[in-house]
Amino acid sequence: MSLTHNPPIKITQDFDNLPHRVINAGNEMYDATKSEVDGIVHIITTRFMQHQPDLLHLGLARLALFKTFCLPSLLGQTNQNYIWIIRADPHLNGELLSPLIQLLEGRPNFLLLGSNANHEGFSRNPQPFENYIRVER
């Protein structure tokens, strides 16, 4: 069996010319222009040691993974139009909290929250979305 493709598949790094599918507020999908895409601010959420504030050895291992993989990955993004919300247990052990704060200091698009609640539906005690944002009608 041959693994070649005829004609050859072209792999490109020219991501600016790829179509960008976007869903608008009316839940309709359309092809966005590059300037529309450049104006989008992405929200990234990460949960860190929620409901596990005193598991120090587990936390130190997770902090090492965070420092080695998560942080460099987001710092290396070519598009920095994002806000990174990191939710950690509000009673997180100080030996974990201090280095985490130091890693995130001075980065205006990084937000560390002391919270065990998760709006995306994966929390142990589901919270209504209204607890996170107030919408005036």
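Not measured: the values here are computed from a predicted model.

## Quick look at the packing of helix α2 (residues 56–75) against helix α3 (residues 94–104)
Across the interface, α2 lies against α3 with an axial gap of 10 Å and an inter-helix angle of 10 degrees. Compared by their axis directions, α2 and α3 come out roughly parallel. Of the residues in α3, those in contact with Leu56, Gly59, Leu60, Leu63, Phe66, Lys67 and Leu71 of α2 are Glu95, Leu96, Pro99, Leu100, Leu103 and Leu104. Of the residues assigned to the contact of α2 with α3, the class counts are 10 nonpolar, 1 polar and 2 charged.

## Section: the sheet that holds strand β3 (residues 42–48)
Spatial strand order, β3-β4-β5: 3 strands in an open sheet with parallel pairing. Both outer strands of the open sheet, β3 and β5 (110–114), are each paired with one neighbouring strand and no more. Here the average twist between neighbouring strands, direction ignored, is 20 degrees. Packing against the sheet, α2 makes contact with β3, β4 (82–88) and β5, and its axis sits at approximately 175 degrees to β4. Contacts from α3 reach β3, β4 and β5 within the one sheet, and its direction differs from that of β5 by about 155 degrees.

## Quick word on the pairing of β5
Where β4 meets β5, 5 bridges bridge the pair, whose relative direction is parallel. Paired with isoleucine 85 across the bridge in β5 is leucine 111. Read from β4 through α3 to β5, the crossover connection turns out right-handed.

## Describing the confidence of the model for the chain
Residues shown with low pLDDT carry predicted positions that ought not to be read at fine detail. Of all residues in the chain, 62% have pLDDT values of 70 or greater, and the mean over the chain is 78. Taken element by element, the predicted model of the chain shows its lowest mean pLDDT in strand β1 (residues 20–23) (62) and its highest in α2 (96). Confidence over residues 132–137 falls short of pLDDT 50; this stretch has 4 contacts with residues more than four positions distant or in other chains.

## Focus: the side chain of threonine 46
Its location among the elements puts threonine 46 in strand β3. A distance of 2.7 Å separates the side chain of threonine 46 from the side chain of tryptophan 84, its partner in a polar contact. Each residue touching threonine 46, except ones within four places of it in the same chain, is listed here: Trp84, Ile85, Ile86 and Arg87.

## Structural notes on α2
The sharpest bend along α2 reaches about 40 degrees and sits at phenylalanine 66. By the burial criterion, the buried members of α2 are Leu56, Gly59, Leu63, Phe66, Leu71 and Leu74. Elements that come into contact with the buried residues of α2 comprise β3, β4, α3 and β5.

How each quantity is defined
- Residues numbered from 1 in each chain as written.
- Predicted model: local features only at pLDDT ≥ 70, side-chain atom pairs only at ≥ 80, totals over all residues.
- Heavy atoms only, no water.
- Axes fitted to C-alpha atoms, helices over the stretch in contact; angles between N-to-C directions.
- Helix = DSSP H or I, 4+ residues; strand = E, 2+ residues; numbered from the N terminus.
- Parallel < 35°, antiparallel > 145°, perpendicular 65-115°, else oblique.
- Contact = heavy atoms within 4.5 Å.
- Nonpolar A, V, L, I, M, F, W, Y, C, P; charged D, E, K, R; others polar.
- Pairing = 2+ DSSP bridges.
- Right-handed = clockwise from strand over helix to strand, strands pointing away.
- pLDDT = per-residue confidence, 0-100.
- Polar contact = N/O pair within 3.5 Å; in protein donor to acceptor, adjacent residues only side chain to side chain.
- Bend = angle between axes of the 7 residues up to and from the residue.
- Buried < 20%, exposed > 50% of the residue type's maximum accessible area, 1.4 Å probe, protein only.

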